[in-house]
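# Topology and contacts: notes
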Amino acid sequence: MKIKHLAAALALTTVTCFGSAAWAATDLPDVPVPFKSGAGAMYDGVIYVGLGTAGQSWYKIDTKAAAPQWEAIAAFPDAARDQAQAVALNGKIYVFGGCGKIDSDLTSVSNEVYAYDIASDTWTKVLTRSPIGLTGHAATTADGKNALVIGSVNKEIFDGYFSDVDYATKSENKELLAKINADYNGKLVKDYFFNKAILQYDPENNLWTTVGDLPYFGTAGSAVAVNPADHSVMVVGGERKPGLRTATNVQFTVEDGLAKLGFVPDLIPAEGEKVQDGVAGAFAGYVGGTLVVAGGANFPGSTQNYANGQNFSHNGCTKTWRNEIYTYTNGKWANAGELAQPLGYGVTIQNGDELLFIGGETTGGKATTDVISVTVENGAVVAK
């Protein structure tokens, strides 16, 4: 079912760059299967999505067609995985990392790269490995030639946790299992070793490099968006440890192989709330020069708990899926309305002056099939 909701009008400073004309929204049908924690990218007007709750399946849809319809393409050739990321480069869709039961019955983080050749409808395992395991990472391209990969959990700590849980479960040792969970969730932010490096992958030379580091802790589940006007990359929120988000954001450009970084203001609290606990799994992109951030999930109260010395910061907090829409322009954040339902962990596609939010999960983690178009009409953000 389509979601339709007219968000609150933007401040005048937000909409001056749009003029009076409205972008014609793309009317796309729902995804064929409930879809969350998957990967997606667009190349030459065609959107490609797969993995996550779609399993090994992949689908495409031509946004330029008179009556766009989803159709299946070649299935992913290896084990299904969640939280992989996809980037379209030079006629191929590159898929980075992910986590799942890839090499064994235990959940683990992948450092693999696969490429889907659009012309031949075939998949190839690329003979490379990312310098670190990748899950909870974000990926994009600023120049159309290279992929930028930002954030990720630490593979050794993440894989080790699932190995320990498996051991305690098979031993039927409930006390040990409780201790494993408490220890895993009860460390300081710095002790999770989330990835701070901004990685760049050059497919032409099959080469990984580092262009810089995030100027704070590493993150997982951050939203990223590229401003078409200046090719700058915005990194919004994410986790700084399990259950603890951040309202901190950073913007950078890549110049001569190095990231030129700068902070932007923290994300503001939602209307009626005093604290912004940050969000992970949000949707983000640019509409007419204005950054739009929507949805995601957090644990209200976890920020204050951590500040008070409670390292297991989300203990006693309730995971909350969010429906807020924020905009950022001229150096300021604004509350710009709400989605019709809470939503996060889907795929954002930038389609001209329109954003497409594909799939995701709503309250309780239920996967959706929705495709939401976000535009600006008569000076207001519209999600439908």
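Residues numbered from 1 in each chain as written. Predicted model: local features only at pLDDT ≥ 70, side-chain atom pairs only at ≥ 80, totals over all residues. Heavy atoms only, no water.

## Some details on helix H3 (residues 174-185)
Given a rise of 1.5 Å per residue, 12 residues ought to cover 16 Å, and the 17 Å separating the end C-alpha atoms of H3 matches this to within 8%. Turning to H3, its buried residues are Ile-180, Tyr-184 and Asn-185. Viewed end-on, H3 has its buried residues packed into an arc of 115 degrees, placing them on one side of the element. As for H3, its buried residues are in contact with helix H2 (155-170) and strand E18 (239-241). Two or three places before Glu-175, at the start of H3, stands the capping residue Asn-173, its side-chain oxygen 3.3 Å from that residue's backbone nitrogen. (Helix = DSSP H or I, 4+ residues; strand = E, 2+ residues; numbered from the N terminus. Expected span 1.5 Å × (residues − 1). Buried < 20%, exposed > 50% of the residue type's maximum accessible area, 1.4 Å probe, protein only. Arc of directions from axis to C-beta. Contact = heavy atoms within 4.5 Å. Polar contact = N/O pair within 3.5 Å; in protein donor to acceptor, adjacent residues only side chain to side chain.)

## A few points about the pairing of strand E28 (residues 347-350)
With burial as the criterion, only one face of E28 is covered, namely that bearing Val-347 and Ile-349; the residues Thr-348 and Gln-350 on the opposite face remain uncovered. Pairing of E28 with strand E29 (residues 355-358) involves four bridges; the strand directions are antiparallel. Paired with Ile-349 across the strands is Leu-356, a residue of E29. Counting the residues between successive antiparallel strands, the hairpin from E28 to E29 contains four residues, one of them, Gly-352, with a positive phi of roughly 65 degrees. (Pairing = 2+ DSSP bridges.)

## Considerations on the sheet that holds strand E15 (residues 207-213)
The four strands are arranged E12-E13-E14-E15 in an open sheet whose pairing can be described as antiparallel. Of all the strands in the sheet, the pair left with one neighbour each is strand E12 (138-140) and E15. Neighbour-to-neighbour, the strand axes of the sheet open up by a mean angle of 25 degrees, direction not taken into account. (Axes fitted to C-alpha atoms, helices over the stretch in contact; angles between N-to-C directions.)

## Overview of the side chain of Asp-277
Checked against the element boundaries, Asp-277 lands in the loop between strand E21 (258-264) and strand E22 (283-287). Only 2.8 Å separates the side chain of Asp-277 from the side chain of Thr-303, close enough to count as a polar contact. With sequence-adjacent residues up to four places away left out, Asp-277 is seen in contact with Arg-245, Thr-246, Asn-298, Phe-299, Pro-300, Gly-301, Ser-302 and Thr-303.

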